[in-house]
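What follows is each chain in one-letter form.
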Amino acid sequence: MWHDLVVVQIPIGEKILRTVAVYVLILVLFRLAGKRGLAGLNTFDMVVVFLLSNVVQNAIIGNDDSLLGGAVGAVTLIAVNAVITRWLARDPRAARLLEGRATTVVRDGKLVPGALHDLALRPSELEHAIRMQNGDAVGDVARARLEPDGQLLVTLRAAERSATKGDVDELRERLAAIERLLTNLAADGRPPR
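Residues numbered from 1 in each chain as written. Predicted model: local features only at pLDDT ≥ 70, side-chain atom pairs only at ≥ 80, totals over all residues. Heavy atoms only, no water.

J.: Would you mind going over the overall build of the protein chain in detail, with residue names and values included?
T.: Secondary structure summary: the protein chain contains eight helices and four strands in total. In the protein chain, the succession of helices and strands from N to C terminus is α-α-α-α-α-β-β-α-α-β-β-α. When burial is assessed residue by residue, the protein chain has 27% of its 193 residues classed as buried. (Helix = DSSP H or I, 4+ residues; strand = E, 2+ residues; numbered from the N terminus. Buried < 20%, exposed > 50% of the residue type's maximum accessible area, 1.4 Å probe, protein only.)

J.: Can you explain helix 5 (residues 92-99)? Please cite residues and give values.
T.: Capping of helix 5 at its N-terminal end is provided by Asp91; its side-chain oxygen lies 3.1 Å from the backbone amide nitrogen of Arg93. Just downstream of helix 5 lies Gly100, where phi reads positive at about 90°. (Polar contact = N/O pair within 3.5 Å; in protein donor to acceptor, adjacent residues only side chain to side chain.)

J.: Can you break down unusual backbone geometry residue by residue, with the values?
T.: Among all residues except glycine, the phi angle is most often negative; among peptide bonds, the trans geometry is most common. In this structure, Asp108 takes a positive phi of about 55° despite not being glycine. Checked against the element boundaries, Asp108 lands in the loop between strand 1 (103-107) and strand 2 (110-111). At Asn134, a residue that is not glycine, the phi angle is positive and equals roughly 75°. According to the relative accessible area criterion, Asn134 is exposed, its value standing at 57%.

J.: I'd like a rundown of the pattern of salt bridges, residues and numbers included.
T.: Considering all chains together, one arrives at six salt bridges under this definition. Its salt-bridge partner being Glu14, residue Arg18 comes within 3.0 Å of it at the nearest N-O pair. Residue Arg18 and its partner Glu14 are located together in helix 2 (residues 12-33), separated by four residues, close to a single helical turn. A salt bridge links Asp169 to Arg172, with the nearest nitrogen and oxygen atoms 3.8 Å apart. Here Asp169 pairs with Arg172, and both are found in helix 8 (residues 165-188), just three residues apart, close to one helical turn. (Salt bridge = Lys/Arg side-chain N within 4 Å of Asp/Glu carboxyl O.)

J.: Requested: an account of the pairing of strand 1, with residues and values cited.
T.: As paired strands, strand 1 and strand 3 (residues 141-146) are joined by four bridges and run antiparallel to one another. Considered in strand 3, the bridge of Thr103 is made with Leu146. Of the pairings in the sheet, the one linking strand 1 to strand 2 comprises two bridges and is antiparallel in character. The partner of Arg107 across the bridge, within strand 2, is Lys110. (Pairing = 2+ DSSP bridges.)

J.: Residue-level account of the sheet that holds strand 1, with values.
T.: Backbone hydrogen bonds are what pair the strands of a sheet, in a parallel or an antiparallel way. Overall, antiparallel pairing links the four strands, which are arranged 2-1-3-4 in an open sheet. This sheet does not close on itself; its edge strands, each paired only once, are strand 2 and strand 4 (152-156). Sheet analysis places strand 3 next to strand 4, joined by five bridges and oriented antiparallel. Across the sheet, the residue bridging to Leu146 is Leu152, located in strand 4. Seen against the sheet, helix 7 (residues 123-132) touches strand 1, strand 2, strand 3 and strand 4 and runs at an angle of roughly 60° to strand 4. (Contact = heavy atoms within 4.5 Å. Axes fitted to C-alpha atoms, helices over the stretch in contact; angles between N-to-C directions.)

J.: Account for the packing of helix 4 (residues 67-90) against helix 5, naming residues and giving values.
T.: To describe two helices that pack against each other, one gives the angle between their axes and the distance between the axes. The interhelical angle for the contact between helix 4 and helix 5, taken along N-to-C directions, is 120°, at an axis separation of 5 Å. By the angle between their directions, the pair helix 4 and helix 5 is classed as oblique. Side by side, helix 4 and helix 5 meet where Trp87, Leu88 and Arg90 of the first sit next to Pro92, Ala94, Ala95, Leu98 and Glu99 of the second. Among the residues forming the contact of helix 4 with helix 5, the class breakdown is six nonpolar, no polar and two charged. (Parallel < 35°, antiparallel > 145°, perpendicular 65-115°, else oblique. Nonpolar A, V, L, I, M, F, W, Y, C, P; charged D, E, K, R; others polar.)

Listed below in structure tokens is the structure:
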């Protein structure tokens, strides 16, 4: 029993190579699938992720079901991901190549023609994302763009934005100034104009 847990049944070098190859393959597939594939998992996306993990499992572990073999695969995945993440953080060209560029989907309250189709987004998904960021409709949006990481960034038109703490503080100061002016006018005995 202990033997089966700790004895790697295929060479460690092969296990590492298999893991890196599968990681790169999945990275390329998600890149080709586009940002939509990463933009928030719906039911269909979850099914793909679950099935994908099962499909590539044997490609990573080969004929090895040892605990140590699994640990080597897991450590390799985490290490490769850490290296790629750090590389992307330092090299803008690599980030553009592997992640792509942001895509504007709404400009001045109007959908950018063809953007939703190119990203495989449904209008209802976009509207939901706008509501999640305090907008009511596409017409409330000055600009919305889908980032390479799948996040939708929405900038509401100025008239549609919620008041900030700074806005409220400014109004309080103005009201206090009006109260002082009215108090001074009342003390002078002059009626306000």
